[in-house]
Amino acid sequence: MNKLNINKRKAILDYIKKYPNIFSENEIEIILKYTEINPENILVPEFIRGIYDELNFLKDEENIYIGFIKLINELFDIKQKNIVEIGGGVLPRLGERIALFQSKGSITVYDPRLSIYKNDTSTLKLVRERFNKNTDVTSYDLLIGLMPCKAAEDIVEAALKNRKDFVIALCEGGVHGDEEDFYEDDEEWRRALIKYASRGVEQNNMGNLNIKYLKKYHNPYPIIYNER
């Protein structure tokens, strides 16, 4: 292991010691294994992406949080909007970055696993609950999710039900082919969700469903949003 990776490993161990119990033992093992490679150059699990951004390991040009914020702002000009993020992860790095980016708006982050060491600010509200399609979103202008797994379905449902704008960076969508998910694979799941969202956007007079990508940040999955 080179000196740079040794330093990263030490910084991660120091962080985990300072803020215990936010990651499971298995997650800690995985995080430490990734110090042997360069995770900024590949698509990684949320908890690794979060701690690497928290510790300033990611270069701006390789940081998907920065890339996703730029994309959302290009689409919706978010500086003065009230936003809700679904599936913010253990470390709400996207929400924290958006809160700093905004001028008059605010962001609320939903995730039951949000670190207990993170606190609300004047523009950032942390909700340690699971978001569902019936969650009240009437006070928000925009719903977003950065690879929120199957919660993407709830974001789409809530957005359509309330006619709210949305931007969702999809991922593999979790486990497929079991009793609770009849899709054979992640591609089938994404196609079905995109088709459903497209039809709902049209029926609810929310414009059209469009797709973009952030492949330069090593994310091969589509990002869906409505454009009025």
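Residues numbered from 1 in each chain as written. Predicted model: local features only at pLDDT ≥ 70, side-chain atom pairs only at ≥ 80, totals over all residues. Heavy atoms only, no water.

*Asks:* Describe in detail the overall build of the chain, supporting the description with residues and values.
*Replies:* Secondary structure assignment for the chain yields 7 helices and 7 strands. Helices (α) and strands (β) of the chain occur, in sequence order from the N terminus, as α-α-α-α-β-α-β-β-β-α-β-α-β-β. Here the chain has a C-alpha radius of gyration of 18 Å; the compact-globule value for 228 residues is 17 Å, and the two agree. With respect to the principal axes defined by its C-alpha atoms, the chain has extents near 55 × 45 × 30 Å. Here the chain holds 228 residues, and 50% of them are scored as buried. Residue pairs in contact within the chain that sit at least 24 positions apart in sequence constitute 56% of those at least 6 positions apart. (Helix = DSSP H or I, 4+ residues; strand = E, 2+ residues; numbered from the N terminus. Rg over C-alpha atoms; globule rule 2.2 N^0.38 Å. Buried < 20%, exposed > 50% of the residue type's maximum accessible area, 1.4 Å probe, protein only. Contact = heavy atoms within 4.5 Å.)

*Asks:* Can you lay out empty space enclosed by the protein for me, pointing to particular residues and giving the numbers?
*Replies:* A complete count under the given rule lists 2 cavities of 30 Å³ or more for this structure. Space inside the second largest cavity adds up to approximately 60 Å³. In this structure, the second largest cavity is lined by E46, R49, Y65, E85, G87, G88, G89, L91, L94 and L146. Per-class residue counts for the lining of the second largest cavity are 4 nonpolar, 3 polar and 3 charged. (1 Å grid on protein atoms, 1.4 Å probe; cavity = no way out; pocket = protein on both sides within 12 Å on 5 of 7 lines; lining within 4 Å. Points joined across faces, edges and corners; volume = space filled by probe spheres on them. Nonpolar A, V, L, I, M, F, W, Y, C, P; charged D, E, K, R; others polar.)

*Asks:* Go over helix 2 (residues 25-33) with me, naming the residues and quoting the values.
*Replies:* Inspection of helix 2 places E27, I31 and L32 among the buried residues, and these make up the whole buried set. All buried residues of helix 2 project into a common sector of 135° when viewed along the axis, lining one side. (Arc of directions from axis to C-beta.)

*Asks:* Quick rundown of the sheet that holds strand 7 (residues 219-227)? Include the residues and the values.
*Replies:* The strand order 3-2-1-4-5-7-6 describes an open sheet built from 7 strands, whose pairing is mixed. Edge positions in the sheet fall to strand 3 (124-127) and strand 6 (208-214), since each has one partner strand and no second. Ignoring strand direction, the axes of neighbouring strands in this sheet form an average angle of 15°. Of the strand pairs in this sheet, strand 5 (residues 165-169) and strand 7 are connected by 3 bridges, and their pairing is antiparallel. By the bridge assignment, A169 is partnered in strand 7 with I223. With respect to the sheet, helix 6 (residues 151-162) is in contact with strand 1 (82-86), strand 4 (142-146), strand 5 and strand 7, its orientation differing from that of strand 4 by roughly 170°. (Pairing = 2+ DSSP bridges. Axes fitted to C-alpha atoms, helices over the stretch in contact; angles between N-to-C directions.)

*Asks:* Quick rundown of the pattern of salt bridges? Include the residues and the values.
*Replies:* Oppositely charged side chains are able to pair whenever their charged atoms sit close together. This structure, assessed with the given rule, holds 13 salt bridges. Between K10 and D14 there is a salt bridge; the shortest N-O distance is 2.9 Å. One end of the pair is K10 and the other is D14, both in helix 1 (residues 3-18) and 4 residues apart, which spans about a single turn. For D14, a relative accessible area of 39% gives the class partly exposed. (Salt bridge = Lys/Arg side-chain N within 4 Å of Asp/Glu carboxyl O.)

*Asks:* If you had to explain the packing of aromatic side chains to someone new, which residues and values would you point to?
*Replies:* Here a ring pair, both rings aromatic, is described through the centre-centre distance and the interplanar angle of the planes. By the definition in use, this model includes 5 aromatic pairs. Between the aromatic rings of F23 and F47, the centroid separation amounts to 6.5 Å while the plane-to-plane angle is 55°, which identifies the pairing as tilted. Here F47 lies in helix 3 (residues 46-54) and F23 lies in the loop between helix 1 and helix 2, a separation of 24 residues in the sequence. In this structure, F23 and F47 share a single accessibility class: buried. Taken together through their ring pairs, the aromatic side chains of Y15, Y19 and Y117 make up a single cluster. The ring of F57 has K8 sitting right over it, with the charged end atom 5.7 Å from the ring centre. Over the ring of F101 we find K79; its NZ or CZ atom is 5.3 Å from the centre of that ring. (Phe/Tyr/Trp six-rings, centres within 6.5 Å; stacked < 30°, edge-to-face > 60°. Lys NZ or Arg CZ within 6 Å of the ring centre and 35° of its normal.)

By themselves, these figures tell us nothing about what the structure is for.
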